[in-house]
Amino acid sequence: SPAETANFNSTSTDDAAATATTVAAASTVAPLHNCTLSETSSTQLCVFPSYYSMFCILVLIGIILHGQNTFLQKVILLAAMVAFQIGSNYFFIRESMQCERYFSGVFPGGNPQFGLLGPSTLLLFVALSLTFLAFYMEKASKVLFIWKKEVESQKETASDIRRRNEALVYNILPPHVASHFLGNRKRQHEELYSQSYAEVGVLFASMPNFSEFYCEDDVNKQGLECLRFLNEVISDFDALLELPKFKEVIKIKTIGSTYMAASGLDPNFVATIKPSDPIEVRWKHLDVLIEFAMEMKKALTGINEQSFNHFVLKMGVNHGPITAGVIGARKPHYDIWGNTVNVASRMESTGRAGFIQVTEETTHILQHFGYIFEQRGLVSVKGKGQLMTYYLLGKSTTGANYPSGLPPFENSVMEPLKEVDEEKEEEIHEGQVNLDMDETNETEGLLKKEDVQNGVIVNPTVPSEEQENLL
Ligand SMILES: Nc1ncnc2c1ncn2[C@@H]1O[C@H](COP(=O)(O)OP(=O)(O)OP(=O)(O)O)[C@@H](O)[C@H]1O
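If you're wondering where the values come from, they're calculated on a predicted model, not measured in any experiment.

**Thoughts on the nonpolar core**
Residues Leu 203, Phe 237, Tyr 259, Phe 292 and Met 296 are the most contacted members of the largest nonpolar core, which totals 41 residues. Excluding residues that lie within four positions of it along the chain, Phe 292 makes contacts with Leu 203, Phe 237, Leu 240, Leu 241, Phe 246, Val 249, Tyr 259 and Ala 261. Among the nonpolar cores identified, the runner-up in size contains 21 residues, and Phe 181, Leu 265, Ile 322 and Tyr 334 belong to it.

So, in structure tokens, the structure goes:
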């Protein structure tokens, strides 16, 4: 009644005063209500209790949007919150909820139960909707998670394939050429990669008695065992190239049982070299190439010992300008061409088993690094005429043998040298003898001082009949 409404006294705050005014105004419109407020209750009672339910909805939204929890956890939290709020609505603030509509003056008439049921129903409805939303969010996040995992594994596979491809390219091509091809993605198929070099060392090393060893009978499983052996030998040579000291040496290819390698092809090294640099700097890579050839010999000796074979290397080395390039769009192959390569090949083919044959010009360079040579004589090389060639015998341990200076043999200790007599050489060609420098009688192997002039033995071994035929 209006009189009862008048009992509603404002609290000391301005808000309460305003509310009281609203309530008073409402009461004039719809006076028939059972909501009474005593003086004490007016200070204690919440005038808008449905705000609790609204706040609860905000919390529910927060629970749903919080990504860390699982769907089940969210539903349990949601149900607990809703149960708690509806329970509170019914048991703790029931009265004020019923009267809220009346006090607020928005819906002063009607059933007071609406004030109680309205927020609770809204709460239930929102909770239900949020449950569906959480369900679909969970489903979507599961799908996204699976997609993410798939993308990650595909990315991993792609980078793994890329790594393998790169390793393959680096195995097929020298590092600087591989970097060129891997870095240049817009390469045309027909585009030719070529590079000219002025100062390169070229080595050919063959096993002359391998062709006799190779036979396609049942014992050898139609040649498979021979190939297995060859693979072992070549792989051991390849393994030498992994050593840091041979990083200047690049394997070009194998031609049957012939191993072809070159030095001085690294553009980074070439860029640092000036024509005015001393020979020891410019041709250090040739020294490394010869050391590599020596190591190849040792490796083959080791294999011979294990397999009771008697293979010997016949090697030829030359130096000079070459052109390097990669041929072919499919199965590309890095190779070197030029007269230098042809002569190096001839040095090998006309050489002698167990020896490294070099041209006179090459001895002039290698003497700076302390190598000792034996003059072989004139060799007829196709397209070049008669070439004076030398067998490389070893390296002085005390340094260079300058062609124009005093030979340093006075104080130097020579590595044991090989002496191959005609008879032995024939045996070697027949694959019967293991020609090993270390096996040579040391007194026989040591050079006589008077035989050596400027690092060259001037008392050459006469080429065998077989060699003459080869020439
Ligand atoms: N890039 C290379 N790879 C392998 N071998 C090479 C390469 N370049 C040249 N040679 C070899 O050098 C040798 C000398 O070559 P050259 O051009 O002087 O004569 P050729 O007439 O081609 O050879 P042949 O007389 O053996 O037929 C040849 O046996 C050739 O196989």
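This is not the end of the story, as more comes after the structure.
**Considering helix H10 (residues 224–241)**
For H10, which comprises 18 residues, the first-to-last C-alpha distance of 26 Å matches the rise-based estimate of 26 Å (1.5 Å per residue) to within 8%. Looking at H10, one finds that the buried residues are Cys 226, Phe 229, Leu 230, Val 233, Ile 234, Phe 237, Leu 240 and Leu 241. The arc enclosing the buried residues of H10, seen along the axis, measures out at 145°, which places them on a common side. On its buried side, H10 packs onto helix H9 (210–213), strand S2 (249–255), strand S3 (258–263) and helix H13 (284–307).

**So, the site of the ligand**
Around the ligand sit Phe 204, Lys 253, Ile 255, Met 260, Asp 335, Ile 336, Val 341, Asn 342, Ser 345, Arg 346 and Lys 382, and that is every residue in its neighbourhood. Between an oxygen atom of the ligand and a side-chain N or O atom of Asn 342, the distance comes to 3.4 Å. Sorting the residues of the shell around the ligand by element identifies S2, strand S5 (333–337) and helix H14 (339–349) as the ones contributing at least two each. Of the residues that constitute the shell around the ligand, the class distribution is five nonpolar, two polar and four charged.

**Focus: the environment of Lys 74**
In this fold, Lys 74 is placed in helix H5 (residues 71–91). The spacing of Lys 74 and Phe 135 is 61 residues in sequence and 9.6 Å in space, taken between C-alpha atoms. Residue contacts for Lys 74: discarding those within four places in its chain leaves Ile 63, Ile 64, His 66, Asn 69, Ala 134 and Met 137. At 3.1 Å, the side chain of Lys 74 forms a polar contact with the backbone oxygen of Ile 64.

**Examining the packing of aromatic side chains**
Per the counting criterion, the structure on display carries nine aromatic pairs. Measuring from ring centre to ring centre gives 5.7 Å for Phe 71 and Phe 135, while their planes differ by 65°; the resulting arrangement is edge-to-face. Pair noted here: Phe 71 is in helix H5 and Phe 135 is in helix H7 (residues 113–172), with a separation of 64 residues, a long-range link. Taken together through their ring pairs, the aromatic side chains of Phe 237, Phe 246, Tyr 259 and Phe 292 make up a single cluster.

**Topic: the packing of H10 against H13**
Relative orientation of the contacting elements H10 and H13 amounts to 140°, with a least axis distance of 10 Å. Considering how the two elements wind past one another, H10 and H13 form a crossing that is right-handed. Across from Phe 229, Glu 232, Val 233, Asp 236, Phe 237, Leu 240 and Leu 241 in H10, the residues of H13 making contact are Phe 292, Glu 295, Met 296, Ala 299, Leu 300, Ile 303, Gln 306 and Ser 307. Split by residue class, the contact of H10 with H13 holds 10 nonpolar, two polar and three charged.

**Let's talk about the UniProt feature "transmembrane region" (unreviewed entry) in the chain**
According to UniProt, the positions carrying the feature "transmembrane region" (unreviewed entry) are residues 51–68, 75–93 and 113–136. Helix and strand shares over residues 51–68 are 83% and 0% respectively, and the end C-alpha atoms of the span are 28 Å apart. End C-alpha atoms of residues 75–93 are separated by 25 Å, and the span's content is 89% helix alongside 0% strand.

**Description of the pattern of salt bridges**
Enumeration according to the criterion identifies 11 salt bridges in this entry. Residues Glu 166 and Arg 162 are paired through a salt bridge, measuring 3.0 Å at the closest nitrogen-oxygen approach. In this pair, Glu 166 and Arg 162 both sit in helix H7, four residues apart, roughly one turn of the helix. When its relative accessible area of 38% is taken as the criterion, Arg 162 is described as partly exposed. Here Glu 295 ties to Lys 298 by a salt bridge, and the two come within 3.6 Å at their closest N and O atoms. Residue Glu 295 and its partner Lys 298 are both found in helix H13; the two are separated by three residues, about one turn of the helix. Overlapping salt bridges, with partners in common, bring together Lys 284, Asp 287, Glu 291 and Lys 395 in one network.

**Regarding the confidence of the model for the chain**
With 69% of its residues at a pLDDT of 70 or more, the chain has an overall mean of 77. The low-confidence segment residues 403–450, where pLDDT is below 50, has 90 contacts with residues more than four positions distant or belonging to other chains. Every residue in residues 459–471 scores below 50 in pLDDT, and together they form 32 contacts with partners more than four places removed in sequence or on other chains. Per the prediction output, this complex has pTM 0.64; the corresponding ipTM is 0.94.

Conventions adopted
- Residues numbered from 1 in each chain as written.
- Predicted model: local features only at pLDDT ≥ 70, side-chain atom pairs only at ≥ 80, totals over all residues.
- Heavy atoms only, no water.
- Core = buried A, V, L, I, M, F, W, Y, C linked by side-chain atoms within 4.5 Å.
- Buried < 20%, exposed > 50% of the residue type's maximum accessible area, 1.4 Å probe, protein only.
- Contact = heavy atoms within 4.5 Å.
- Helix = DSSP H or I, 4+ residues; strand = E, 2+ residues; numbered from the N terminus.
- Expected span 1.5 Å × (residues − 1).
- Arc of directions from axis to C-beta.
- Near = heavy atom within 4 Å.
- Polar contact = N/O pair within 3.5 Å; in protein donor to acceptor, adjacent residues only side chain to side chain.
- Nonpolar A, V, L, I, M, F, W, Y, C, P; charged D, E, K, R; others polar.
- Phe/Tyr/Trp six-rings, centres within 6.5 Å; stacked < 30°, edge-to-face > 60°.
- Axes fitted to C-alpha atoms, helices over the stretch in contact; angles between N-to-C directions.
- Left-handed = near helix turned anticlockwise from the far one by under 90°.
- UniProt positions renumbered as here; feature names shortened; annotations may be inferred.
- Salt bridge = Lys/Arg side-chain N within 4 Å of Asp/Glu carboxyl O.
- pLDDT = per-residue confidence, 0-100.

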